[in-house]
Amino acid sequence: MRVKVLSRNPDDYVRETKLDLQRVPRNYDPALHPFEVPREYTRALNATKLERVFAKPFLSSLDGHRDGVNCMAKHPKSLSTVLSGACDGEVKIWNLTKRQCIRTIQAHEGFVRGMCARFCGTSFFTVGDDKTVKQWKMESPEYGEEEEPIHTILGKTVYTGIDHHWKEAVFATCGHQVDIWDEQRTSPMCSLTWGFDSISSVKFNPIETYLLGSCASDRNIVLYDMRKSTPLKKVILNMRTNTLCWNPMEAFVFTAANEDYNLYTFDMRFLESPVTVHMDHVSAVLDVDYSPTGKEFVSASFDKSVRIFPVDKGHSREVYHTKRMQHVITVKWTSDNKYILCGSDEMNIRLWKANASEKLGVLAPREKAAMNYNQKLKEKFQYHPQIRRIAQHRHLPKSIFCQIKEQRIMREARRRKELNRRKHSKPGSMPFVSERKKHIVAVVK
């Protein structure tokens, strides 16, 4: 005779202490939970609404400059240190933890055009309108010491940008041409030029450290290899590119900020067409910086707003603006992937959260679990119309809202005109040109 015995293990349902949560046994058979999906949908909807309620991205404003902030640089070793240069030649070093200026240097006469920190974090370089390149110590001088640069290089022309090699004691400047300098020498190791126009920005590749890219005012983006004395190739766009930034995770990918209100993500092996065209700004894009993960980047624009774009999407996921913020000149994404810094015309540096609704500080384990669960629910139901509408809605200043509306009308008019032309032309005489290829004039090798 067979006898069935009920066997229970007390560890499965008895609490160890009174403070523990009650253990509830659950049967995950879907037949027993017929309303699971509607219940999850309601939770996802509530999570999306709460995300918009708690979206308070602005943290603080660092004020102290007496002129517009023209450039910024991150400290490679310290998360809490950031450097900024203004239009009156003043350089300030900030402590982000205390949110105050810890040091001020009168570095140049006229604008500070560019600045960068050395890869080891012991010093930093600045270039200005007074045709000089100066190297400064990162630490403050001792009591009674003068604030003097370590080295000063006097050039023949105005330098408009500077960037340091990621591993060696080498830096590059741009102006009339791209110059590669050794820190110990007062003359450039080599000078690279292609064309005769002024170059506005130069950036070293963080992975393939011998590669560098530059943007010239004759609409070119030129790529160089330090090991060769000649440029590699260049791509010519319809309008001028202000600056570019390399992806820190993908060696061949860079994003260019353009005067035609767009950003273009290129793969340097295939410059014939950009990988993605990022369209949302309504005025010239002045600066761009990647997140340390390489999955997103932040852009600063003349339209008084800061936008965050996913690398593979054509539209921004977030837009930041305030009533007081004027034209945003420079922007940086901090190395811990949590904050964004932007410097603007009205002499302020603003600190923002990279994720607008993120809770700062230490999270309890249950908070963390609830946050991850809500995130997964939002991903699961992200394409449902109501959830999508709430998640994507952003309040915009009236000026930007009206310009977006106006540009939409203009874009529709251009599309309608093209359709009518094609309809009344000989078949095949007006080929379709994709949005990606519209903005590329030529690639020269």
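Structure shown above.
Keep in mind the model is a prediction, meaning the values are calculated, not measured.

Teacher, can you tell me more about the overall build of the protein here?
Looking only at helices and strands, the protein has five helices and 29 strands in total. Considered along the principal axes of its C-alpha atoms, the protein spans approximately 100 × 80 × 50 Å. In the protein, once contacts between residues fewer than 6 apart in sequence are set aside, the share between residues at least 24 apart is 49%. Of the roughly 25200 Å² of accessible surface on the protein, a fraction of 54% belongs to carbon and sulfur atoms. The positive charge centre, built from 71 side chains, and the negative charge centre, built from 52, are 9 Å apart in the protein.

I tried to follow the environment of His 65 on my own but got confused; where do I start?
Looking at where His 65 falls in the secondary structure, it is placed in the loop between strand S1 (58-63) and strand S2 (69-74). We classify His 65 as buried; its relative accessible area is 5%. With 375 residues separating them along the chain, His 65 and Ile 440 place their C-alpha atoms 39 Å apart. Every residue in contact with His 65, bar those within four places of it in the chain, is listed here: Ser 84, Ala 86, Glu 90, Lys 92, Trp 94, Met 347 and Ile 349. A polar contact of 2.7 Å, which involves the side chain of His 65, links it to the side chain of Ser 84.

I'm lost on a negative patch on the surface in this one. Help?
A cluster of acidic residues, Asp 11, Asp 12, Glu 16 and Asp 20, forms a negative patch on the protein surface. Tracing the backbone shows Asp 11 in the segment before helix H1 (36-53). Owing to a relative accessible area of 53%, Asp 11 belongs among the exposed residues under this scheme.

How do you make sense of the sheet that holds strand S24 (residues 306-310) when you look at a structure like this?
Strands in a sheet are paired, the pairing made by backbone hydrogen bonds, and the direction either parallel or antiparallel. The sheet built from four strands is open, its strands ordered S22-S23-S24-S25 with antiparallel pairing. The outermost strands of the open sheet, each flanked by one partner alone, are strand S22 (285-290) and strand S25 (318-320). Strand after strand, the sheet turns through a mean of 20° between neighbouring axes, direction not considered. Alignment of strand S23 (residues 296-301) against S24, held across five bridges, turns out to be antiparallel. Across the sheet, residue Val 298 finds its bridge partner in S24, namely Ile 308.

Where do I start with the sheet that holds strand S10 (residues 161-164) in this structure?
Taken in spatial order, the four strands make up an open sheet running S10-S11-S12-S13, and their pairing is antiparallel. Edge strands, defined here as strands with exactly one partner in the open sheet, are S10 and strand S13 (190-192). Neighbour-to-neighbour, the strand axes of this sheet turn through a mean angle of 20°, independent of strand direction. As judged from the three bridges shared by strand S12 (residues 178-182) and S13, these two strands associate in the antiparallel manner.

Is there a simple way to explain helix H4 (residues 398-423) in this structure?
For an α-helix, 3.6 residues make a turn, and residues three or four places apart therefore share a direction. End to end, H4 covers 37 Å across 26 residues, agreeing with the expected 38 Å (1.5 Å per residue, within 8%). For H4, the complete set of buried residues consists of Ile 400, Gln 407 and Arg 422. In this fold, the buried residues of H4 make contact with S24.

So what exactly am I meant to see when it comes to the packing of aromatic side chains here?
How two aromatic rings sit relative to each other is given by the distance of their centres and the angle of their planes. Taken as a whole and assessed by the stated rule, the structure comprises 11 aromatic pairs. Between Phe 297 and Phe 309, the ring centres sit 5.5 Å apart and the planes meet at 20°, which makes this aromatic pair stacked. Taken together, the residues span a long stretch of sequence, with Phe 297 in strand S23 and Phe 309 in strand S24 at a distance of 12 residues. Neither residue differs from the other here; Phe 297 and Phe 309 are each classed as buried. Between Tyr 320 and Trp 352, the ring centres sit 5.0 Å apart and the planes meet at 15°, which makes this aromatic pair stacked. Here Trp 352 lies in strand S28 (residues 348-353) and Tyr 320 lies in strand S25, a separation of 32 residues in the sequence. Each residue in the set Phe 125, Tyr 159, Phe 171 and Trp 181 is aromatic and connected to the rest through ring pairs, giving one cluster.

Any chance you could explain unusual backbone geometry here in plain terms?
If a residue is not glycine, its phi is most likely negative; likewise, a peptide bond is most likely trans. Backbone geometry at Tyr 261 places phi at a positive 75°, although glycine is not the residue there. Considering the arrangement of structural elements, one finds Tyr 261 in the loop between strand S19 (253-258) and strand S20 (262-267). Of the residues examined, Tyr 261 reaches a relative accessible area of 32% and is grouped as partly exposed. Phi at Asn 337 takes a positive value of approximately 65°, unusual for a residue other than glycine. What makes Asn 337 partly exposed here is its relative accessible area of 31%.

I tried to follow the pattern of salt bridges on my own but got confused; where do I start?
Charged atoms that come close allow side chains of opposite charge to pair. Counting across every chain of the model gives 21 salt bridges. Between Asp 267 and Arg 269 there is a salt bridge, with the nearest N and O atoms lying 2.7 Å from each other. Here Asp 267 falls in the buried class, since its relative accessible area comes to 11%. Residue classification places Arg 269 among the partly exposed positions, given a relative accessible area of 44%.

What counts, and where the lines are drawn
- Residues numbered from 1 in each chain as written.
- Predicted model: local features only at pLDDT ≥ 70, side-chain atom pairs only at ≥ 80, totals over all residues.
- Heavy atoms only, no water.
- Helix = DSSP H or I, 4+ residues; strand = E, 2+ residues; numbered from the N terminus.
- Contact = heavy atoms within 4.5 Å.
- Areas by Shrake-Rupley, 256 points an atom, 1.4 Å probe, with all protein chains shown as cover.
- Lys, Arg positive; Asp, Glu negative; His and termini not counted.
- Charge placed at Lys NZ, Arg CZ, Asp CG, Glu CD.
- Buried < 20%, exposed > 50% of the residue type's maximum accessible area, 1.4 Å probe, protein only.
- Polar contact = N/O pair within 3.5 Å; in protein donor to acceptor, adjacent residues only side chain to side chain.
- Patch = residues over 30% accessible without salt bridge, like charges linked within 9 Å, V, L, I, M, F, W, Y side chains within 5 Å.
- Salt bridge = Lys/Arg side-chain N within 4 Å of Asp/Glu carboxyl O.
- Pairing = 2+ DSSP bridges.
- Axes fitted to C-alpha atoms, helices over the stretch in contact; angles between N-to-C directions.
- Expected span 1.5 Å × (residues − 1).
- Phe/Tyr/Trp six-rings, centres within 6.5 Å; stacked < 30°, edge-to-face > 60°.

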